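# Examining the three-dimensional arrangement
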Amino acid sequence: SQWGEENLQALSIQEGEDVTMNCSYKTYTTVVHWYRQDSGRGPALIILIRSNEREKRSGRLRATLDTSSQSSSLSITAAQCEDTAVYFCATDASSGSWQLIFGSGTQLTVMP
Amino acid sequence: EAGVTQSPRYAVLQEGQAVSFWCDPISGHDTLYWYQQPRDQGPQLLVYFRDEAVIDNSQLPSDRFSAVRPKGTNSTLKIQSAKQGDTATYLCASSLGPGTNERLFFGHGTKLSVL
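As the structure is a prediction and not an experimental result, all values here were calculated from the model.

Rules used in this analysis
Residues numbered from 1 in each chain as written. Chains lettered and ligands numbered in written order. Predicted model: local features only at pLDDT ≥ 70, side-chain atom pairs only at ≥ 80, totals over all residues. Heavy atoms only, no water. Core = buried A, V, L, I, M, F, W, Y, C linked by side-chain atoms within 4.5 Å. Buried < 20%, exposed > 50% of the residue type's maximum accessible area, 1.4 Å probe, protein only. Contact = heavy atoms within 4.5 Å. Salt bridge = Lys/Arg side-chain N within 4 Å of Asp/Glu carboxyl O. Helix = DSSP H or I, 4+ residues; strand = E, 2+ residues; numbered from the N terminus. Pairing = 2+ DSSP bridges. Buried area = accessible area lost by both parts, 1.4 Å probe. Polar contact = N/O pair within 3.5 Å; in protein donor to acceptor, adjacent residues only side chain to side chain. Nonpolar A, V, L, I, M, F, W, Y, C, P; charged D, E, K, R; others polar.

### With respect to the nonpolar core
Residues F21, W34, L77, I79, Y90 and L112 of chain B are the most contacted members of the largest nonpolar core, which totals 23 residues. Apart from the residues lying within four places of it in its own chain, the contact partners of I79 of chain B are Q17, A18, V19, F21, R64, F65, D86, Y90 and L112 of chain B. By size, the runner-up hydrophobic cluster in this structure holds 20 residues, among which are I13, I49, L74 and Y87 of chain A.

### Examining the pattern of salt bridges
Residues and elements named next belong to chain A. All told, the structure shown has seven salt bridges over all chains when counted by the stated rule. For E53, the salt bridge is made with K56, and the minimal N-O distance between the two is 4.0 Å. Residue classification places E53 among the partly exposed residues on the basis of a relative accessible area of 22%. Close ionic contact of E55 with R57 constitutes a salt bridge, the shortest N to O distance being 2.9 Å. For E55, a relative accessible area of 37% puts it in the partly exposed group. Connected through salt bridges with shared partners, the residues E55, R57 and R62 form a single ionic network.

### Structural notes on the pairing of strand β7 (residues 65–68) of chain B
All names here are of chain B. With burial as the criterion, only one face of β7 is covered, namely that bearing F65 and A67; the residues S66 and V68 on the opposite face remain uncovered. As paired strands, β7 and strand β8 (residues 75–79) are joined by four bridges and run antiparallel to one another. Residue pairing in the sheet places A67 in a bridge with L77 of β8.

### Brief notes about the interface of chain B and chain A
Contacts between the two partners involve 23 residues from chain B, matched on the other side by 24 residues from chain A. With both sides pooled, the region where chain B packs onto chain A buries about 1900 Å², and carbon together with sulfur makes up 53% of that total. Viewed at the interface, chain A and chain B are joined by zero salt bridges. Where chain B touches chain A, the interface holds six residue pairs in polar contact (both at pLDDT 80 or more). Elements with a minimum of two residues in the side of chain B that touches chain A: β4 (31–37), β5 (44–50) and β6 (53–56) of chain B. The dominant element in the side of chain B that touches chain A, judged by the number of residues it contributes, is β4 of chain B, at three residues. Residue classes in the side of chain B that touches chain A are distributed as nine nonpolar, nine polar and five charged.

Structure representation (structure tokens):
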């Protein structure tokens, strides 16, 4: 799980396997963003799931959101080598002004 | 559509030196963010603007860091007297507006090493 961890976590799987990454957050949120970051590049949004959605799909990606347990997950079906990247969840926090707060990230390595 | 452009890509400094980072957001995006990303950590918000106004700079170390966006388009982040602890990648992002549902578009970042 990303939230509350200071440093990157690591997962290593074989091509074709399914994988799930988890994210737990501390405060009420209305939305969870999932970003992927390739080496040497900035993060890029892959899925955005709102608090009134329990599940959202995009191709081989599936995100879930459980507001009661303050957690979200990102699953990749039949992972491919090109899915190798760092995956971050990010939630909104309102402390006077809106901010997007990122978790520590999961380094996913998909091996051929 | 052109993405968010940042320069330089890399910077290497001695402690005490100054450095500036430049960002050109996506055209039409009124909200611009600067994030600091230490190695093996997630991005951490430093400051963000809507047009030329600073909305939140509470995480910006004000004694050494400054950020401006004078015409509501390009932005500059400056470190006056760099410390080794400033070693990180500095990411600029833009969005159509502030708010929870807005997608952030990030630049490639500037990787800063302070020796």
